[in-house]
2 protein chains.
Amino acid sequence: MTENMVFATESATDATQGEVWKILIVDNEPSVHQVTQLALKQYRIEGRALHLLSAYSAQEALQVLQLEPDVALALIDVVMETDNAGLDLVHAIRRQLHMADIRLVLRTGQPGQAPEHEVIEDYDINDYKEKTDLTRQKLRTLCYSTVRAYRDLRLIRQQQSGLRNVLLATRKTLAAANLTTFGDVVQEQLTALFGIPTPELWGITLVPDDGSGYSYLHVLQAENQNVVVGYQSNIKQLPGSLRSLIAAAMATTRAQHNEQYYMVYQHSAPELHAFLLVRMSEPSGYQRELVSLYGANLLLIYQSLLLREEIVDTQKELVNRLGNAVEMRSKETGAHVQRVGLIAEKLGEYYGLNSYQCELLRHAAPLHDLGKVAIPDAVLNKPGKLDPAEWSVMKQHAQMGHDILAQSKRPILRMAASIALTHHEYWDGNGYPNGISGSAIPIEGRITALADVFDALGSTRCYKTPWNESAIKNFLHDHSGKQFEPKLVSILLSKWEEFTDIRRTYPDAD
Amino acid sequence: MTENMVFATESATDATQGEVWKILIVDNEPSVHQVTQLALKQYRIEGRALHLLSAYSAQEALQVLQLEPDVALALIDVVMETDNAGLDLVHAIRRQLHMADIRLVLRTGQPGQAPEHEVIEDYDINDYKEKTDLTRQKLRTLCYSTVRAYRDLRLIRQQQSGLRNVLLATRKTLAAANLTTFGDVVQEQLTALFGIPTPELWGITLVPDDGSGYSYLHVLQAENQNVVVGYQSNIKQLPGSLRSLIAAAMATTRAQHNEQYYMVYQHSAPELHAFLLVRMSEPSGYQRELVSLYGANLLLIYQSLLLREEIVDTQKELVNRLGNAVEMRSKETGAHVQRVGLIAEKLGEYYGLNSYQCELLRHAAPLHDLGKVAIPDAVLNKPGKLDPAEWSVMKQHAQMGHDILAQSKRPILRMAASIALTHHEYWDGNGYPNGISGSAIPIEGRITALADVFDALGSTRCYKTPWNESAIKNFLHDHSGKQFEPKLVSILLSKWEEFTDIRRTYPDAD
């Protein structure tokens, strides 16, 4: 009978998951189970029915509780398989199963066996009753008040776990390296935190110009595991339902929502208006606090990443444009310096440099010829061959580039100074300005030397057309161990397609 | 008598703050108070004494609870000033005072007046007792179990509020604009969250070079409202007690602590080792979770700010060095371009531009003469006066600078392009290249025109010595409304010291 009852109750529970209060009766006397069931028959607490589970020993009670972790109340007899079985069960529930929220009430038929004043102090129970005291109404009151206490505890725990989840979501979002990853992570977290199955997130930033308009509009749209980040010149390109929320938020400086979107956070200052919107219905109860807490952190992380990307992109573009301006003076045009950065980065990766060094290479290598800014036109742009005096002026560009960039504390500029100085040194010592050789040449100089020549050979210059691929391969092969480090030449030849792809992706403008 | 008791209890409470459980007896019969006091005399719960507060009406009970928000349990009579006074009091406590944690037990002498089955359902109480049922032991059991429930609730609330505080601390830390503000904010938050009176925070980042050493070491030290941020070349410059923790953490990849410092978080990857340490003893209990949650967010924010500052500083330095390299070609040396950026920013502030536009000005104005990179030496460095043909070549630097920078989406480069093009236009239309006038010249061009000339007049050039201050003032005064916008000249003249301070702070190297 015992087993049947347990199973019967289990399946009933499955069918009405979350809509019943589970109460466990632990007693070795079947009559106690029957009386309790009778007293609680049809009784409802806060609109929910009760589901009574039965266990006839402490041992069995532990088994039931492991299967049913959401029991609200256990009514526990003291004397069962042993004189202290009920008391031991209390300790086991609290200390072994670590169930802190379940309400435990001792019901004893022999108070002398477990004196009330000792039991209440020594065991973490919520009430102590003599069976004879428990009239039908007293039992119902007991159930009502303990179930209500259980409900309150669960609600606080749920809020607590919501807060903890928002903190972990914030941490994961903070770890996003760029706006695209940010969009992906936030989609995941919106699902995890608020159960939104297919999240749609919009991050919108308006930066005012010196007039009354906006100089630009940055939009991040994340939907269906897809993240689009970019600039739009006109707010009218946004969906109308977003536009009206943004207009209302700017007019009232209060967060807004409509049937489709909920503004999880907004920030307005004279310099900046930023909004984060999620396609979701308005949250209620403690969810509202969680949305607001997560949203505030989200917006700050979004702005921080936006600022960083803006600065990084500006820097990259500036280095390329300035590198090109210097090349322009020497009548070399196009995306040469940008490609040298990318080729150098890839050579560094295959050479085994760490990712931090490779990133520095990508930023620093485009500045290798900066010193040419100081070389007179007469030398720099001489149509014919340079005479020895002119050649010695020309060679000064290595030292001059170094001097412009030297004595910086910034890793990128320190590496750029080193590259400017050493990118014309030869592996065999026959280069300039210092004639150093082999590993005495810093690795960034050895790498940029090869990247620069490799890209120049494939490019149009005023004095030459692009070489074909086999001519370039022959040249590199011939100069391996002389001009270039053999290991670097092998890398370039063995990964040839990857390196020539860089030119295809970043061709010269004309 | 009533008042005396309340006061007596209050001062007793003050003396033993936090070490007693407060229980409020609400009953209009003095004998009930006496009996309850007698029953609970000398009784202790979980090692703490009880402090009994008395109120003789619902009205008085509300007053007591407003003064004593940490009452654990109220024993409430039903019939007092009205037949329902006790029931109304329950609603008032829950719904008006919003006290959710205090345990409320109704004690009635006339059960017919407030039928148990209705009351338990309609009022948010934790138990319902008939006065006759409450023997001395039953009363003690009731107090014990309800006070324990109150204690558990308070503990969860405390944890919950700790998590909420960590979230708010994270938000405040996220809003830090730079590492110095970060250090300040974290010190405040360490005090607020963990009660550390004078926090000492260390953020340490090691970046490996291509060998087995570290190419640099970034250290943030925040202590006594003082934040020091910078580079150190050698880990030996750190205090020994920090060094040994860092060495241990790198060896074990586990967080460490000693008597002085607790490592709140560490991150190790091939490219980067980062550590955050706080001078504090090892936290215990749920504080440990809070420290770890906050620490993880802190380290991520620290790394993000570090990366951003690194990029911003590199960019600033790069712009200045490249600007100077271009100036060097035209034989102008020193910190001219950097000062032009700072002067332009200050002019923009007083002119009323928003802080975003002013920051753009500071970054963009140093690039105003970039087009000179494309001007032939023969013209750029001609010792004597330029002839008309040479002058028309020279004037091309405005358009050329614009072309190098144009068609970018980046706000800084867009503004720099505009400045390059228009910084030789005159307010009266007599400038070049396009002869536009007044407000048709973009504000950034008008500002940089004045900043450039103002700084050049005070500088040594190959063809001139620095002008004295009165000569410069006269020149600006004479050219106001002709070469320069009058409003800008007035700003410069009226804030003269602030502008000349910029030269004193950033003098030319020689």
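Source: prediction; values computed, not measured.

As a further point, take the overall build of chain A. Looking only at helices and strands, chain A features 19 helices and 11 strands. For chain A, the spread of C-alpha atoms along the three principal axes comes to 120 × 55 × 40 Å. Within chain A, the fraction of its 510 residues that count as buried is 55%. Taking the intrachain contacts of chain A between residues at least 6 apart in sequence as the baseline, contacts between residues at least 24 apart amount to 62%. By element, 51% of the accessible surface of chain A is carried by carbon and sulfur atoms, the whole surface being about 21800 Å². Computing the positive centroid from 49 side-chain charges and the negative centroid from 61, chain A places the two 4 Å apart.

Turning our eyes to something else, we now look at the UniProt feature "domain: Response regulatory" (unreviewed entry) in chain A. In this numbering, the UniProt entry assigns the feature "domain: Response regulatory" (unreviewed entry) to residues 22-146 of chain A. With 41% helix and 26% strand, residues 22-146 of chain A has its two end C-alpha atoms placed 12 Å apart.

All names here are of chain B. Sheet architecture is open: 6 strands sit in the order β2-β3-β1-β4-β5-β6, paired in mixed fashion. Every interior strand has two partners, whereas the edge strands, β2 (44-45) and β6 (127-130), have only one. Taken together, the 2 bridges between β2 and strand β3 (residues 48-55) define a ladder with antiparallel strand orientation. Note that in β3 the partner of I45 across the bridge is R48. Sheet contacts for helix α2 (residues 30-40): β1 (20-26), β3, β4 (71-77) and β5 (103-108); angle to β3, the most-contacted strand, approximately 180°. Here helix α4 (residues 85-96) sits on the sheet in contact with β1, β4 and β5, set at roughly 175° to β5.

Here the focus is the relation of the copies chain A and chain B. Note on the copies: chain A fits chain B at an RMSD of 0.7 Å, the axial shift is 0.0 Å, and the rotation between them is 179°. Such a combination of rotation and displacement between the chain copies is what one expects of a two-fold axis. Here 100% of the contact residues of chain A are again contact residues in chain B; the copies associate through an equivalent surface.

Let us look at empty space enclosed by the protein. A full pass over the atoms with the stated rule returns 10 cavities of 30 Å³ or more. Here the largest cavity defines a volume of roughly 190 Å³. As for the largest cavity, its lining consists of 14 residues, and the residues nearest its centre are N126, S145 and T146 of chain A together with N126 and T146 of chain B. Counted by class, the lining of the largest cavity contains 4 nonpolar, 6 polar and 4 charged residues.

The next point concerns the UniProt feature "modified residue: 4-aspartylphosphate" (unreviewed entry) in chain A. Sites flagged by UniProt as "modified residue: 4-aspartylphosphate" (unreviewed entry) map to D77 of chain A. Relative to the helices and strands, D77 of chain A is located in strand β4 (residues 71-77).

Before going further, it helps to spend a moment on the confidence of the model for chain A. Per-residue pLDDT for chain A has a mean of 86; in total, 91% of the residues score no lower than 70. The low-confidence segment residues 1-17 of chain A (pLDDT under 50) makes 19 contacts with residues lying over four places distant or belonging to another chain.

Moving on, we come to helix α11 (residues 355-364) of chain A. Counting buried positions along α11 of chain A gives 7 out of 10 residues, so the element sits mostly inside the fold. At the N-terminal end of α11 of chain A, a side-chain oxygen is found 2.9 Å from the backbone nitrogen of Q357 of chain A, two or three residues along, and the residue is N354 of chain A.

Contact with chain A, which involves 90 residues of that partner, is made by 91 residues of chain B. Contact between chain A and chain B buries roughly 8400 Å² in total, counting both sides, with carbon and sulfur atoms accounting for 59%. Interface area lost by chain A to chain B is led by L167, R321 and R410 of chain A, which between them contribute 8%. The interface formed by chain A and chain B holds 8 salt bridges in total. Taking the shortest distance from any N to any O, the salt bridge between D133 of chain B and K138 of chain A comes out at 3.9 Å. For the pair chain A and chain B, the number of links is 18 residue pairs in polar contact (both at pLDDT 80 or more). Going through the elements one at a time, α5 (116-122), β6 (127-130), α6 (136-174), β7 (200-208), α9 (286-329), α11, α14 (396-405) and α15 (411-422) of chain A are the ones with two or more residues in the side of chain A that touches chain B. The element best represented in the side of chain A that touches chain B is α9 of chain A, accounting for 23 residues. Taken together, the residues that form the side of chain A that touches chain B break down as 46 nonpolar, 18 polar and 26 charged.

Let us look at the sheet that holds strand β3 (residues 48-55) of chain A. All names here are of chain A. With respect to topology, 6 strands assemble into an open sheet ordered β2-β3-β1-β4-β5-β6, the strand pairing being mixed. Two strands close off the open sheet at either side, each with one partner strand: β2 (44-45) and β6. Of the pairings in the sheet, the one linking strand β5 (residues 103-108) to β6 comprises 4 bridges and is parallel in character. Note on β6: the bridge partner recorded for R107 is K129.

For the rest of this paragraph, the subject is the nonpolar core. Grouped together as the largest cluster of nonpolar side chains are 98 residues, with contacts concentrated most on L347, L405 and L476 of chain A together with L347, L405 and L476 of chain B. Leaving out residues up to four positions away in the same chain, L405 of chain A has contacts with L367, L370, L413, A416 and A417 of chain A together with L318 and R321 of chain B. Counting residues in hydrophobic clusters, the runner-up holds 66 residues, among them L220 of chain A together with V166, F182 and L298 of chain B.

So, on to the packing of aromatic side chains. By convention here, two paired aromatic rings are described through the distance between centres and the angle between planes. Residue and element names in this part refer to chain B. Scanning all chains against the criterion turns up 10 aromatic pairs over all chains. Aromatic side chains Y43 and Y144 sit 6.2 Å apart centroid to centroid with 65° between the ring planes, which places their arrangement in the edge-to-face category. One end of the pair, Y43, is in the loop between α2 and β2; the other, Y144, is in helix α6 (residues 136-174), and 101 residues separate them in sequence. Here the aromatic rings of F454 and W496 are separated by 5.6 Å at their centres, their planes lie at 75°, and the arrangement is edge-to-face.

Attention shifts here to the side chain of S145 of chain A. With respect to the secondary-structure elements, S145 of chain A resides in helix α6. By relative accessible area, which is 5% here, S145 of chain A ends up buried.

Residue and element names in this part refer to chain B. Along the chain, S459 turns up in the loop between α16 (443-457) and α17 (469-479). A relative accessible area of 3% places S459 in the buried class. Looking at S459, its side chain comes within polar contact range of the main-chain oxygen of D455, at 2.7 Å. Polar contacts involving the side chain of S459 include one to the side chain of R503, which spans 3.0 Å. Residues within four places of S459 in sequence aside, it is in contact with R339, K464, T465, P466, R503 and D508.

Now for the environment of C143 of chain B. Residue and element names in this part refer to chain B. Among the secondary structure elements, C143 is positioned in helix α6. Taking the C-alpha atoms as reference points, C143 and I102, separated by 41 residues in sequence, lie 12 Å from one another. Here C143 is in contact with I23, L40, I45 and L73, once residues within four sequence places are set aside.

Moving on, we come to the pairing of β4 of chain A. Residues and elements named next belong to chain A. With 7 of 7 residues buried, β4 is to be regarded as a mostly interior element. As paired strands, strand β1 (residues 20-26) and β4 are joined by 5 bridges and run parallel to one another. Along β4, the bridge assignment pairs V26 with I76. Sheet analysis places β4 next to β5, joined by 5 bridges and oriented parallel. Within β5, the position partnered with L73 by the bridge is R103. The β-α-β motif built from β4, the intervening helix α4 (residues 85-96) and the parallel element β5 has right-handed crossover chirality.

What follows covers the pattern of salt bridges. Any two side chains of opposite charge can pair, given that their charged atoms come close. What the rule picks out here adds up to 52 salt bridges over all chains. One salt bridge in this structure joins R504 of chain B and E497 of chain B, with 3.3 Å as the shortest N-O distance. Salt bridges sharing common partners tie together E46, R148, R151 and D152 of chain A together with R94 and D124 of chain B.

Relative to the helices and strands, D88 of chain B resides in helix α4. Counting along the chain gives 19 residues from D88 of chain B to R107 of chain B, while the straight-line C-alpha distance between them is 14 Å.

Rules of the game
Residues numbered from 1 in each chain as written. Chains lettered and ligands numbered in written order. Predicted model: local features only at pLDDT ≥ 70, side-chain atom pairs only at ≥ 80, totals over all residues. Heavy atoms only, no water. Helix = DSSP H or I, 4+ residues; strand = E, 2+ residues; numbered from the N terminus. Buried < 20%, exposed > 50% of the residue type's maximum accessible area, 1.4 Å probe, protein only. Contact = heavy atoms within 4.5 Å. Areas by Shrake-Rupley, 256 points an atom, 1.4 Å probe, with all protein chains shown as cover. Lys, Arg positive; Asp, Glu negative; His and termini not counted. Charge placed at Lys NZ, Arg CZ, Asp CG, Glu CD. UniProt positions renumbered as here; feature names shortened; annotations may be inferred. Pairing = 2+ DSSP bridges. Axes fitted to C-alpha atoms, helices over the stretch in contact; angles between N-to-C directions. Least-squares fit on C-alpha atoms with pLDDT ≥ 70 in both. 1 Å grid on protein atoms, 1.4 Å probe; cavity = no way out; pocket = protein on both sides within 12 Å on 5 of 7 lines; lining within 4 Å. Points joined across faces, edges and corners; volume = space filled by probe spheres on them. Nonpolar A, V, L, I, M, F, W, Y, C, P; charged D, E, K, R; others polar. pLDDT = per-residue confidence, 0-100. Polar contact = N/O pair within 3.5 Å; in protein donor to acceptor, adjacent residues only side chain to side chain. Buried area = accessible area lost by both parts, 1.4 Å probe. Salt bridge = Lys/Arg side-chain N within 4 Å of Asp/Glu carboxyl O. Core = buried A, V, L, I, M, F, W, Y, C linked by side-chain atoms within 4.5 Å. Phe/Tyr/Trp six-rings, centres within 6.5 Å; stacked < 30°, edge-to-face > 60°. Right-handed = clockwise from strand over helix to strand, strands pointing away.

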